[in-house]
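# Analysis of the macromolecular model
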Number of protein chains: 4
Amino acid sequence: MDRTLTLSFSCPDASGIVAAVSSFIADHRGWITEASQHTEHELSRFFMRVEIRADSLSFAPEEFTGRFRPIAERFGMEWRLSDSARPKRVVILCSKQEHCLYDLLSRQVAQDFRFTVPCVISNHETHRRVVEAHGIPFHHVPVDPADKGAAFRRIETICRETHADLVVLARYMQVLDEQACRTLAGKVINIHHSFLPSFAGAKPYHQAHRRGVKLIGATCHFVTPELDEGPIIEQDVIRVDHSDTPEDMVQLGKDIEKVVLARGLRAAVEDRVLLAGNKTVVLR
Amino acid sequence: MDRTLTLSFSCPDASGIVAAVSSFIADHRGWITEASQHTEHELSRFFMRVEIRADSLSFAPEEFTGRFRPIAERFGMEWRLSDSARPKRVVILCSKQEHCLYDLLSRQVAQDFRFTVPCVISNHETHRRVVEAHGIPFHHVPVDPADKGAAFRRIETICRETHADLVVLARYMQVLDEQACRTLAGKVINIHHSFLPSFAGAKPYHQAHRRGVKLIGATCHFVTPELDEGPIIEQDVIRVDHSDTPEDMVQLGKDIEKVVLARGLRAAVEDRVLLAGNKTVVLR
Amino acid sequence: MDRTLTLSFSCPDASGIVAAVSSFIADHRGWITEASQHTEHELSRFFMRVEIRADSLSFAPEEFTGRFRPIAERFGMEWRLSDSARPKRVVILCSKQEHCLYDLLSRQVAQDFRFTVPCVISNHETHRRVVEAHGIPFHHVPVDPADKGAAFRRIETICRETHADLVVLARYMQVLDEQACRTLAGKVINIHHSFLPSFAGAKPYHQAHRRGVKLIGATCHFVTPELDEGPIIEQDVIRVDHSDTPEDMVQLGKDIEKVVLARGLRAAVEDRVLLAGNKTVVLR
Amino acid sequence: MDRTLTLSFSCPDASGIVAAVSSFIADHRGWITEASQHTEHELSRFFMRVEIRADSLSFAPEEFTGRFRPIAERFGMEWRLSDSARPKRVVILCSKQEHCLYDLLSRQVAQDFRFTVPCVISNHETHRRVVEAHGIPFHHVPVDPADKGAAFRRIETICRETHADLVVLARYMQVLDEQACRTLAGKVINIHHSFLPSFAGAKPYHQAHRRGVKLIGATCHFVTPELDEGPIIEQDVIRVDHSDTPEDMVQLGKDIEKVVLARGLRAAVEDRVLLAGNKTVVLR
């Protein structure tokens with residue numbers, strides 16, 4: 001695969017942004033392999049993502065940031081440049097359930113999208129063997145109900161020391177405390193096993209069963225201190241019917257949980273997810 | 001199409017129900033063309049639906065009720081017998097939006113499932129011409145905000161006089177009052193333009209847009225006095241993204257609203273929908 | 001709704017295209033409300049679509065074509081400019097089946113996307129009344145098996161006289177002859193009732209039933225002289241199972257046929273569909 | 001979980017089958033937890049599946065076969081009785097691709113449906129470590145292009161010795177020879193990476209890309225000597241667009257391949273799949 005640079009940004013909407021960015025790239029002979037954009041009219045805010053072949057540019061990839069900065073400043077951009085030569089580092093947190101973990105391990109092996117897993121952290125020993133079979137360090141961090149903070153501080157430390165770009169809660173059955181949410185703000189992606197905003201909180205499949213819905217869902221979202229209220233990245237649903245018990249729903253739901261989480265993670269890893277208030281813009 | 005009798009019932013779960021029903025039919029040489037069943041373990045209640053070719057029975061279709069009654073009483077069944085020779089009568093209520101009305105008219109023309117439309121009732125004149133082009137009577141029943149009850153009483157009267165088996169709220173923009181809900185209890189099917197229980201009440205697409213969901217939905221349910229809380233018959237969703245405004249969602253949502261309503265109506269017309277508390281059993 | 005101009009084009013891929021187009025628009029103060037692009041690497045061809053608020057430009061909308069031409073010529077563009085003030089004219093051809101026709105009439109009433117229907121043409125009288133109830137002229141053009149050409153020549157004439165931009169075969173049960181395909185090339189959109197390339201030709205649902213597939217589909221495509229081989233615009237599927245007869249599939253399939261046709265038509269009406277060999281690029 | 005017996009059968013259609021089966025069960029106090037049935041009218045053949053709580057019967061589970069035989073013989077049934085106390089044994093064959101293997105391992109760990117994996121066989125060493133981390137034997141059986149038969153004979157032997165009930169080709173990249181198809185007839189389940197009958201044979205995603213389809217699919221089917229022509233058990237599709245290369249499709253397709261394979265396997269493991277000529281009846 002060719003080395004690519006990915007520029008993603010948002011800024012106040014204005015005339016001439018695309019012209020400035022595309023002229024900058026064209027002037028340095030950059031070959032754009034993908035570009036997409038969006039204007040959020042309510043917020044008067046513009047969002048863009050551009051992928052450029054690194055070897056097409058007339059300057060070294062390392063110079064991009066410095067050369068682009070004047071344009072970024074002119075338009076007041078919040079921006080980020082990612083380099084495919086430095087894949088994103090994704091720390092996985094899990095508990096006893098296996099489906100999301102196995103799915104992520106499978107994708108890490110396949111490298112269908114590029115990321116590395118510096119370690120897996122769990123409050124149970126359950127999956128040590130399969131994780132270590134991949135040469136990935138496994139950290140058992142039990143959560144003491146009397147002092148949950150200690151475990152979360154340890155998790156924060158591990159994430160810092162492994163230079164985590166993203167932290168995935170792969171059906172991790174503990175609610176991060178406010179301090180962890182703040183320390184890791186913008187980096188933590190959760191999979192909730194309902195079609196939010198329906199059935200937030202505990203035992204969503206049991207809630208769904210009680211209401212008699214005909215579809216159950218899963219929601220991948222950024223974690224914020226407000227439980228299950230963070231910006232939604234991706235969602236999907238699966239059909240159920242009257243014959244499905246809550247236990248059946250738990251089983252059926254796994255197939256969408258893991259796929260929705262993986263799609264959300266992929267979008268984040270590929271710098272397609274930009275924040276717009278409490279919502280996301282997910283650029284293709 | 002052959003004439004069929006459809007027996008549907010629910011009763012307390014017990015041993016020997018299927019044996020009794022199937023033996024009764026077999027003993028009278030009935031040819032079963034479809035059968036399905038369900039046990040709701042939480043309620044210890046059994047549900048069944050059987051379709052029988054009328055001409056296969058050793059007695060006249062009109063005798064079925066009398067002959068079957070002893071079995072029904074033995075098991076304490078709530079039961080219903082429908083005869084394809086007497087199609088269900090479906091009164092349609094609509095307002096200004098066209099999509100559900102046109103879809104239902106199209107299905108009434110096609111007779112993909114058998115039903116007749118004795119009349120269409122609307123609080124607006126908008127669709128008189130297209131309805132009357134089908135030879136279907138159109139009743140304009142305006143709703144006076146100062147005396148809504150008068151309109152609902154008029155609707156009840158029309159439904160009674162036309163012997164309505166079912167009343168479909170095809171994006172009818174008025175909330176039936178409690179009296180209408182009670183008078184027409186078990187007969188009124190509504191399409192709500194959200195994936196309930198998310199976004200009940202007014203302007204669900206605007207609510208969905210604010211929350212930033214990635215799918216929008218529609219819910220077909222029985223109407224009860226508690227707004228948008230009745231038993232759900234059918235639901236579906238459609239994908240949206242950050243670029244869709246609330247107005248886009250209104251448009252996109254139409255395609256699932258009309259299909260979900262039609263599927264729910266079909267199930268009801270074919271006696272596949274049985275109540276289990278505030279939920280439905282929809283037998284295939 | 002605001003008046004918009006939509007520029008859509010494809011051209012050999014090259015550096016600087018986006019820069020040139022976006023600078024042209026920015027230099028004339030154009031406000032871009034939507035933009036999307038695609039590079040077809042195999043063909044080294046670039047595709048773009050831009051929507052601009054007409055009143056934002058520093059010149060009159062009528063001047064756009066003349067002013068933009070030098071850029072179009074520089075890059076060898078195949079291009080088109082559409083003006084929302086002149087909605088696309090869509091001629092509908094149908095036979096006896098009602099579902100696609102009713103669906104399109106419903107959308108024409110709603111104007112969820114802007115198009116007009118100058119007339120409906122059918123080889124049967126079946127739907128005259130409902131069409132005329134909308135104030136739309138209905139032309140009965142029977143097809144004589146001994147001289148089909150005569151009917152198709154008549155259809156070509158009507159399309160020419162009504163200035164049709166697009167011609168929709170809404171389950172029109174006649175195969176256009178080669179001359180009609182050529183005369184109306186690039187304008188005729190068909191809905192085929194299978195997931196092409198499976199089950200091309202006659203009675204696709206019966207073919208599907210014989211093979212025992214678990215999903216059935218519908219395909220919206222441009223008509224070319226090779227039956228069911230034209231560029232695909234849109235497809236979708238619906239679940240079936242062993243209990244569905246070919247007749248059930250015919251009924252179930254209607255719900256995707258009409259939606260897939262409408263989505264394809266919408267994309268074409270909004271100038272989102274560009275040809276890339278025998279494939280389509282459908283820009284969002 | 002309670003011990004259950006599952007009776008599944010097909011037989012020539014006749015009056016009184018359900019009555020006989022349900023009376024037999026009721027007479028021995030059997031508690032039916034699930035029942036479903038289907039009549040294939042074209043073949044005049046009846047299909048049924050019944051799940052019974054083993055401890056509810058008035059005789060020992062081991063006696064069921066002997067006691068039921070007279071009924072089976074009376075109606076000419078092809079029938080099978082499964083006992084949840086003896087889970088199905090599923091041998092997995094894979095090559096280098098990981099997604100289906102990981103997905104099946106994850107399900108084997110979860111036991112969402114009951115099956116054991118006596119061994120994994122592969123023509124590559126790639127996945128030995130992860131398989132063995134589960135305590136499952138891994139057999140490397142390389143396929144010599146000059147003598148493929150030797151490998152297939154070895155596979156047949158392993159399947160026989162491990163008492164395999166089912167053999168899953170989890171993206172196993174070798175085509176079984178005719179002898180293997182016959183020896184393992186009715187036991188081998190494959191996942192093909194297209195929506196059959198479209199794109200049978202090699203490189204289906206490349207075929208799909210060339211045709212410009214808007215959805216890609218996966219098909220789970222029984223293996224017969226005719227490549228990709230066996231009875232279809234399950235299918236599903238996923239949306240693609242013009243921007244997806246064949247390589248993108250390969251990646252996207254994985255998510256449906258693994259889910260479709262797992263759903264097909266589950267149906268087979270739960271005795272829901274019955275053959276009707278070259279088609280399947282999949283009873284819920």
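Attention now moves to the domain arrangement of chain A. Residue and element names in this part refer to chain A. Along its sequence, chain A is carved into domain 1 (4-83) and domain 2 (88-282). Centre-to-centre separation of domain 1 and domain 2, based on C-alpha positions: 31 Å. Listed as interface residues are 13 residues of domain 1 and, on the opposing side, eleven residues of domain 2. When the buried surface of domain 1 facing domain 2 is broken down by residue, Phe-47, Arg-49 and Arg-80 rank first, second and third, together holding 45% of it.

Let us look at the relation of the copies chain A and chain B. With an axial shift of 0.0 Å and an RMSD of 0.0 Å, the rotation relating chain A to chain B amounts to 180°. Put plainly, the chains are arranged around a two-fold axis. It is Ser198(A) whose C-alpha, among those of chain A, lies nearest the rotation axis, at 2.6 Å. The fraction of interface residues of chain A whose copies in chain B are also interface residues reaches 100%, indicating that both copies meet through the same surface.

This part takes up the interface of chain D and chain C. It is common to give the size of an interface as the accessible area that goes away when the parts come together. Each side of the interface is counted separately: chain D has 36 residues, and chain C has 36 residues. Both faces considered, chain D and chain C share a buried interface measuring about 2,900 Å² in area, 51% of it formed by carbon and sulfur atoms. It is Arg211(D), Lys214(D) and His242(D) that lose the most area in chain D upon contact with chain C, and together they represent 25% of the buried surface on that side. At the boundary of chain D and chain C, one finds six salt bridges. A salt bridge links Asp241(C) to Arg284(D), with the nearest nitrogen and oxygen atoms 3.7 Å apart. Taken together, the connections running from chain D to chain C amount to 19 residue pairs in polar contact (both at pLDDT 80 or more).

Facing 36 residues of chain A, the contacting portion of chain B comprises 36 residues. Overall, the association of chain A and chain B removes approximately 2,900 Å² of surface from exposure, summing both partners, and the carbon and sulfur fraction of that is 51%. Three residues, Arg211(A), Lys214(A) and His242(A), lead the burial of chain A against chain B; their summed loss comes to 25% of the area buried on that side. At the boundary of chain A with chain B, the tally comes to six salt bridges. For Asp236(B), the salt bridge goes to Arg239(A), with nearest N and O atoms at 3.6 Å. Here chain A and chain B share 19 residue pairs in polar contact (both at pLDDT 80 or more) between them. Listed by contribution, the elements that provide at least two residues to the side of chain A that touches chain B are strand E2 (31-40), helix H7 (204-211), strand E12 (232-239) and strand E14 (279-282) of chain A. The element that contributes the greatest number of residues to the side of chain A that touches chain B is E12(A), accounting for seven residues. Its residues assigned to classes, the side of chain A that touches chain B comprises twelve nonpolar, ten polar and 14 charged.

Turning to the relation of the copies chain D and chain C, a few remarks are in order. Of the transformation superimposing chain D on chain C, the axial component is 0.0 Å and the angular component is 180°, with the fit at an RMSD of 0.0 Å. Taken together, the interface assignments show that 100% of the residues at the interface of chain D recur at the interface of chain C, consistent with an identical surface on both copies.

Glancing now at the pattern of salt bridges. Residues and elements named next belong to chain A. Using the criterion set out here, one finds 128 salt bridges over all chains in the structure. Where Arg-3 meets Glu-62, a salt bridge forms, and the shortest distance between an N and an O atom there is 3.1 Å. Here Glu-62 lies in the loop between strand E3 (45-53) and helix H2 (64-74) and Arg-3 lies in the segment before strand E1 (4-12), a separation of 59 residues in the sequence. On the accessibility criterion, Arg-3 (31% relative accessible area) is partly exposed. The network of salt bridges with common partners includes Glu-34, Arg-49, Glu-51, Arg-266, Glu-270 and Arg-272.

Of all residues in chain A, 100% have pLDDT values of 70 or greater, and the mean over the chain is 97. Confidence estimates for the predicted assembly give a pTM of 0.97 and an ipTM of 0.95.

Residue and element names in this part refer to chain A. Buried within H2 we find Phe-64, Phe-68, Ile-71 and Ala-72. The buried residues of H2 occupy an angular sector of 100° when projected down its axis, which confines them to one face. Away from its buried face, by an angle of more than 90 degrees, H2 presents the exposed residues Pro-70, Glu-73 and Arg-74. Its buried side turned inward, H2 meets E1, helix H1 (17-27), E3 and strand E4 (78-83). Positive backbone phi, at 65°, marks Gly-76, one or two positions downstream of H2.

Next up on the list: the packing of H1(A) against H2(A). All names here are of chain A. As a packed pair, H1 and H2 sit with axes 11 Å apart at the nearest point and diverge in direction by 160°. In terms of orientation, H1 and H2 fall into the roughly antiparallel class. Between H1 and H2 lies a crossing whose hand is right-handed. Across the interface between the two elements, Ala-20, Val-21 and Phe-24 from H1 touch Phe-64, Arg-67, Phe-68, Ile-71 and Arg-74 from H2. Of the residues contributing to the contact of H1 with H2, the split by class is six nonpolar, no polar and two charged.

Rules of the game
Throughout, a residue's number is its position along its own chain's written sequence, starting from 1. Throughout, the order in which chains and ligands are written sets their labels, letters from A for the former and numbers from 1 for the latter. Local features in this predicted model are restricted to residues whose pLDDT is 70 or higher, and side-chain atom pairs enter the listing and the counts only when it is 80 or higher, whereas totals over whole chains, interfaces and linings include all residues. By convention in this description, side-chain values take in all heavy atoms of the structure and omit both hydrogens and water. The split of the chain into domains comes from an automatic or database domain assignment. In this analysis, two residues are considered to be in contact whenever any of their non-hydrogen atoms come within 4.5 Å of each other. Throughout, the accessible surface (probe 1.4 Å) given up by two parts as they are put together, summed over both, is called the buried area. Least-squares superposition of the copies uses the C-alpha atoms of those residues scoring a pLDDT of at least 70 in each of them. Here, a salt bridge means any Lys or Arg side-chain nitrogen found within 4 Å of an Asp or Glu carboxyl oxygen. Within 3.5 Å is the distance limit for a polar contact, defined as a pair of N or O atoms, with the added protein rule that one can donate a hydrogen and the other accept it, and that residues adjacent in sequence qualify only through two side-chain atoms. For helices the rule is a DSSP run of H or I covering at least 4 residues; for strands it is a run of E covering at least 2, with both sets numbered from the N terminus onward. Note on residue categories: nonpolar means Ala, Val, Leu, Ile, Met, Phe, Trp, Tyr, Cys or Pro, charged means Asp, Glu, Lys or Arg, and polar means any other residue, Gly included. Burial here depends on accessible area, computed with a 1.4 Å probe over protein chains only, as a share of the maximum for the residue type. Under 20% is buried, over 50% is exposed, and the range in between is partly exposed. The pLDDT value expresses, per residue, how confident the predictor is, ranging between 0 and 100. Taking the helix axis as origin, the arc is that swept by the directions to the C-beta atoms. Each axis is a line fitted through C-alpha atoms, taken for helices only over the stretch in contact, and angles between the N-to-C directions span 0 to 180 degrees. An angle below 35 degrees is treated as roughly parallel, one above 145 as roughly antiparallel, one from 65 to 115 as roughly perpendicular, and anything else as oblique. Crossing chirality is assigned from the near helix's rotation relative to the far helix, an anticlockwise turn below a right angle marking it left-handed and a clockwise turn marking it right-handed.

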